[in-house]
Amino acid sequence: MSLIEQLTALGADGLASIAAADSAAALDAARVDLLGKKGRLTGILRGLGALPADERPAVGAAANRVRTAIEDALTTRKAALDAAALDAQLAAGTLDITLPGRARPIGAQHLISRIRDEIVEVFCGIGYTVAEGPEVELDFYNFTALNHEPQHPARSASDTFYVVDRSTDAETWTGPEPSDVLMRTHTSPVQIRTMEHTKPPIYILAPGKVYRRDVPDPTHLPQFTQMEGLVVDRDVTFADLRGTLDYLCREIFGSQVRTRFRPHFFPFTEPSAEVDVSCNVCGGTGCRTCKGTGWIEILGCGMVDPNVFAAVGLDPEEWSGFAFGLGIDRIAALRYDLPDIRMLVEGDMRFLRQF
Ligand code: PHE
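Bear in mind that the values here come from a model prediction, so they are computed numbers and not experimental data.

What counts as what
- Position numbers for residues start from 1 in each chain and track the written sequence from start to end.
- Only residues with pLDDT of at least 70 get local features here, since the model is predicted, and only at 80 or more are side-chain atom pairs given and counted; chain-wide, interface and lining totals rely on the full set of residues.
- Each side-chain value is worked out from all heavy atoms of the structure, with water and hydrogens disregarded.
- Three exposure classes are used, based on accessible area relative to the maximum for each residue type with a 1.4 Å probe and protein chains only: buried under 20%, partly exposed in between, and exposed over 50%.
- Each helix is a run of DSSP H or I of at least 4 residues and each strand a run of E of at least 2, with the numbering of both proceeding from the N terminus.
- Any two residues whose heavy atoms approach within 4.5 Å at even a single point are treated as in contact.
- Strands are labelled as partners when DSSP assigns at least two bridges between them.
- For helices, the fitted axis covers only the stretch in contact; all axes are lines through C-alpha atoms, and the angles between them, taken along N-to-C directions, range from 0 to 180 degrees.
- Joining through side-chain atoms within 4.5 Å is the link that ties buried Ala, Val, Leu, Ile, Met, Phe, Trp, Tyr and Cys residues into a set, and such a set is a nonpolar core.
- Throughout, near means a residue has at least one heavy atom within 4 Å of the molecule or strand.
- Under the rule applied, a polar contact is a pair of N or O atoms within 3.5 Å (in protein, one hydrogen donor and one hydrogen acceptor; residues adjacent in sequence only if both atoms are side-chain atoms).

**Thoughts on helix α7 (residues 189-197)**
Consideration 1: Residues of α7 that are buried: P189, V190, Q191, I192, T194 and M195.
Consideration 2: On its buried side, α7 packs onto β2 (136-138), α6 (139-142), β4 (202-211), β5 (223-233), α9 (306-311) and β9 (320-327).

Okay, here's the thing in structure tokens:
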């Protein structure tokens with residue numbers, strides 16, 4: 001076959017393979033095969049040197065015609081493939097504006113958050129501010145600084161979730177001993193953290209989650225929510241504590257509610273008391289909710305122990321104060337007469353929607 005014939009065949013072949021290319025990649029492969037440095041056109045032109053000089057111009061001209069034809073076909077095919085790809089993309093992304101929109105259900109505050117906010121609001125109205133502390137806490141803040149003696153039962157491994165970080169290499173770990181790190185068992189460590197960096201007078205509330213190794217049952221959860229209160233000022237008395245908590249209970253349960261202070265013990269308050277409110281369900285005559293007593297315990301409280309002041313470097317002769325801690329889940333259960341406190345955390349929408 002003469003070079004001219006070879007060129008003619010290449011032209012026909014080339015146009016066919018370009019027409020057959022059905023993707024940008026296939027088209028590029030065809031281009032390389034036809035016009036590339038090691039492509040077929042180059043291959044044919046290598047034979048040019050062997051021709052007599054007077055035949056070369058005609059072959060050169062034919063080669064140029066074939067090259068131009070192939071280049072034109074490549075350009076046209078590329079444009080067609082691009083347009084087809086764009087069409088496909090547009091078709092796939094078509095937005096049918098006649099479809100009705102997707103309804104997004106409107107959420108609502110969880111019962112616990114709502115009661116928390118309600119209590120915060122009551123206290124903000126009388127000058128308190130909100131303080132926070134970590135849920136993963138150090139033994140020092142959770143127990144030691146709060147005057148818990150080393151033998152205190154709450155410090156036992158069966159009562160408290162100690163945090164042991166197994167991912168840490170014991171040899172390179174420079175933080176606290178793993179056994180000094182725990183899930184806080186109450187919000188009282190926020191008392192210490194606040195007094196550490198705030199000069200009295202202090203009037204704070206500290207809401208948050210707390211953890212105890214309790215098996216869930218109708219009245220217990222291993223994780224629940226507390227609200228701590230702390231007041232540090234000059235000449236604070238037990239009467240201030242009583243007045244404050246009476247006010248709180250009336251704001252939450254209504255003006256008909258009665259309160260009862262029972263002597264109790266907490267390591268970090270002295271004297272200490274537990275506070276009961278008259279049962280909201282039976283009005284105090286005795287029912288299933290109050291286990292027939294007419295009263296329901298909702299919080300612990302007391303006057304800040306001098307040892308606690310000493311632990312944070314405050315002079316107990318100069319400063320006095322009270323603290324209280326209440327269980328928000330309990331209050332929710334009481335206020336809405338929930339038969340089982342676990343309902344609060346099960347996430348069952350049929351239950352939650354009722355409030
Ligand atoms: N921290 C105590 C508890 O969880 C409650 C409490 C708080 C008692 C503040 C007295 C003062 O049981």
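Don't stop here, the text continues.
**With respect to the sheet that holds strand β1 (residues 129-130)**
Consideration 1: The sheet built from seven strands is open, its strands ordered β1-β4-β5-β9-β8-β7-β6 with mixed pairing. Looking at the sheet topology across the chains shown, the edges are occupied by β1 and β6 (259-266).
Consideration 2: Sheet analysis places β4 next to β5, joined by 10 bridges and oriented antiparallel. Within β5, the residue paired with I202 across the bridge is V232.
Consideration 3: Relative to the sheet, helix α5 (residues 111-124) contacts β1, β4, β5 and β9, its axis offset from that of β4 by approximately 170°.

**Observations regarding the nonpolar core**
Nonpolar side chains in soluble globular proteins generally cluster together in the buried interior.
Consideration 1: I119, L245, I298, C301, F324 and L326 are the most contacted members of the largest nonpolar core, which has 45 residues in total.
Consideration 2: Breaking this core down by element, the ones donating at least two residues are α5, β5, α8 (238-253), β7 (269-278), β8 (295-304), β9 and α10 (328-335).
Consideration 3: Tallying contributions element by element places α5 first for this core, with seven residues.
Consideration 4: Residues contacting L326, with those up to four places away along its chain left out, are I119, T225, Q226, M227, L248, I298, L299 and I331.
Consideration 5: By size, the runner-up hydrophobic cluster in this structure holds 21 residues, among which are Y141, F266, V312 and A323.

**Concerning the site of the ligand**
Consideration 1: Neighbouring residues of the ligand: 14 residues in total, closest H186, S188, R212, Q226 and G325.
Consideration 2: Side-chain polar atom of H186 to a nitrogen atom of the ligand: 2.9 Å apart, as the coordinates give it.
Consideration 3: In this structure, a nitrogen atom belonging to the ligand sits 2.9 Å away from a side-chain N or O atom of S188.
Consideration 4: Sorting the residues of the shell around the ligand by element identifies β5, β8 and β9 as the ones contributing at least two each.
Consideration 5: It is β9 that provides the largest number of residues to the shell around the ligand, a total of three residues.

**Things to note about the side chain of D246**
Consideration 1: Structurally, the position occupied by D246 is in helix α8.
Consideration 2: Sequence-distant contacts of D246, that is, excluding residues within four places in its chain, are made with T259 and F261.

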